[in-house]
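Spelled out from the first residue to the last, the chains are:
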Amino acid sequence: MAAKKDIARIQKKIDRAIKKEFQAKQAKTYGQLAVKTIVDRTRKGKGLNGDKLQKLDRLSDSYIETRKRYRKNLSKTTSPRKSNLTATGQMLRSLTFRSKNRKIELFFKGRRKRELTGKGSGRRNVDVASFANLFRPFFGLTKRESNSIAKVLAKNVSTAIRRIK
Amino acid sequence: MAWQRVKIEISKEHKPSARIAIGSEIVQRILERTLIDGKDKDGKRFSKYEKDYAKRKGVGVSDVDLNLTSEMLDNLKLLSHRSGQVIIGFDKGDTELNGKVEGNRKGTYGQRKPIPGKARDFLGIQNKDLKKIEKEFKVTDKKEKDLIKKAAEKAIREGIVFSGS
């Protein structure tokens, strides 16, 4: 009973510390980590299959040809044959976050300046991402990925709690 | 007349709130052991009352509970605590009460020298009882770490939202 009380007391401290960590200033750490996790993983050619990672589907032959044709416009983080949801690189670069109601919201910001052909289209990055996500799911975090972000949070919470004591 | 108190060593791991709780539990244990079990700090039965005294009190000679007006045991409390120890006893200022307690503990009962076999030292706790109490209040570092880890994982899982895709 008494131990339970002590646990409840510690739990309260933990909850308070987590709430603080999710305030705008501190939330930056976790938002940046989440964005980096998704972008780095996608650039490596890995997408999501439920809670697991899987290689992104290969590109169609016709699209590979198009990419070859516009090779000079391709991002440095890809190649014509590489399936990593990157052509000009704008979509992944536009992935960002904002802190809202104690939540960290990941979203795609802005419109595209140019397409692979070099022409401007004015399409929104979010639309490109939605389409890509339909066939090659990438926008999310696996349990393992979110737990590795949680490790950073846990470390900060632990430090905050020691400060409270 | 000496100030009646006992210093009890506990683990240094206990935080202040746990020390207060442990101190209160020790007081509770001393009261139960004295009033219900009729045993001293070493777990031995108190020596019997004198026949006259037992008759006056209206109990059997073996029904020793050190409780007549209940003034003495009611005033037993946690006096102070610090890392690694709690002090249980009676207010320093109450000389009459301290005298009464000393009489019981040493077996002097108003005499200059202790009456042999009449010491009833109730102020203290057996190691096995202390261990039991400490165990109840022990929230180990590992347990705390687990709590933080679980809370952080949940917070990240629920706190990062994916929008627009």
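Here, every reference points to the structure presented above.
Per chain, residue numbering runs from 1 following the sequence as it is written. Labels are handed out in written order, letters beginning with A for the chains and numbers beginning with 1 for the ligands. Only residues with pLDDT of 70 or above have their local features reported here, since the model is predicted, and side-chain atom pairs are shown and tallied only from 80 upward, although totals for entire chains, interfaces and linings are computed over all residues. The side-chain quantities take in all heavy atoms of the structure and omit both hydrogens and water.

A word on the interface of chain A and chain B
Point 1. Taken together, the contact pairs 37 residues of chain A with 24 residues of chain B.
Point 2. Both sides of the chain A and chain B interface together cover about 2,700 Å² of buried area, and 68% of this is carbon and sulfur.
Point 3. Within this document, salt bridges are pairs made up of a side-chain nitrogen of Lys or Arg and a carboxyl oxygen of Asp or Glu, the two lying within 4 Å of each other. Inspection of the region where chain A meets chain B yields 0 salt bridges.
Point 4. Strands are runs of DSSP state E lasting at least two residues, helices are runs of H or I lasting at least four, and both sets are numbered from the N terminus onward. Elements supplying a minimum of two residues to the side of chain A that touches chain B: helix 1 (2-21), helix 2 (24-43), strand 4 (103-108), helix 5 (125-135) and helix 6 (143-164) of chain A.
Point 5. For the side of chain A that touches chain B, the leading source of residues is helix 6 of chain A, giving 10 residues.
Point 6. Amino acids are sorted into nonpolar (Ala, Val, Leu, Ile, Met, Phe, Trp, Tyr, Cys and Pro), charged (Asp, Glu, Lys and Arg) and polar (every other residue, Gly among them). Here the residues of the side of chain A that touches chain B are counted per class, giving 24 nonpolar, 7 polar and 6 charged.
Point 7. Note that strand 4 of chain A and strand 4 (residues 160-162) of chain B share 3 bridges and pair parallel. Residue pairing across strands places E105(A) opposite V161(B), the latter belonging to strand 4 of chain B. Only heavy atoms enter the contact rule, under which two residues are in contact if any of them lie within 4.5 Å. As used here, buried area is the combined drop in accessible area, with a 1.4 Å probe, of two parts when they are placed together. Pairing between strands is defined by DSSP: at least two bridges between them are needed.

A look at a positive patch on the surface
All names here are of chain B.
Point 1. A cluster of basic residues, R5, K7, K12, R82 and K92, forms a positive patch at the surface.
Point 2. Mapped onto the elements, K92 comes out in the loop between strand 3 (85-89) and helix 4 (95-106).
Point 3. The buried label goes to any residue with under 20% of its type's maximum accessible area, the exposed label to any with over 50%, and the partly exposed label to all in between, with areas taken from a 1.4 Å probe on protein chains only. The exposed category is assigned to K92, whose relative accessible area is 58%. Here, patches come from residues exposed beyond 30% relative accessible area and free of salt bridges, joined within 9 Å for like charges and within 5 Å for nonpolar side chains (Val, Leu, Ile, Met, Phe, Trp, Tyr). For accessible areas, the Shrake-Rupley method is used with a probe of radius 1.4 Å. Any residue's cover is judged against the shown protein chains and nothing else. In this tally, Lys and Arg are treated as positive and Asp and Glu as negative; His is ignored, and so are the chain termini. Think of each charge as sitting on NZ of Lys, CZ of Arg, CG of Asp or CD of Glu.

Describing the packing of aromatic side chains
Point 1. When two rings of Phe, Tyr or Trp (its six-membered ring) have centres within 6.5 Å they constitute a pair, described as stacked for plane angles under 30 degrees, edge-to-face for angles over 60, and tilted for the intermediate range. With the rule as written, the count across this model stands at 8 aromatic pairs over all chains.
Point 2. On the numbers, 4.9 Å between centres and 55° between planes, the contact of F108(A) with F139(A) is tilted. Of this pair, F108(A) sits in strand 4 while F139(A) is found in the loop between helix 5 and helix 6, placing the two residues 31 residues apart along the sequence. The residues F108(A) and F139(A) share a single accessibility class, namely buried.
Point 3. Members of the aromatic cluster, joined through ring pairs, are F108(A), F138(A), F139(A) and F162(B).
Point 4. When the ring centre of F107(A) is taken as origin, the NZ or CZ atom of R98(A), which lies over that ring, is 3.9 Å away. By the criterion adopted, a ring carries a charge over it if an Arg CZ or a Lys NZ lies within 6 Å of its centre and within 35 degrees of its normal.

All we've got here are geometric facts, nothing functional implied.
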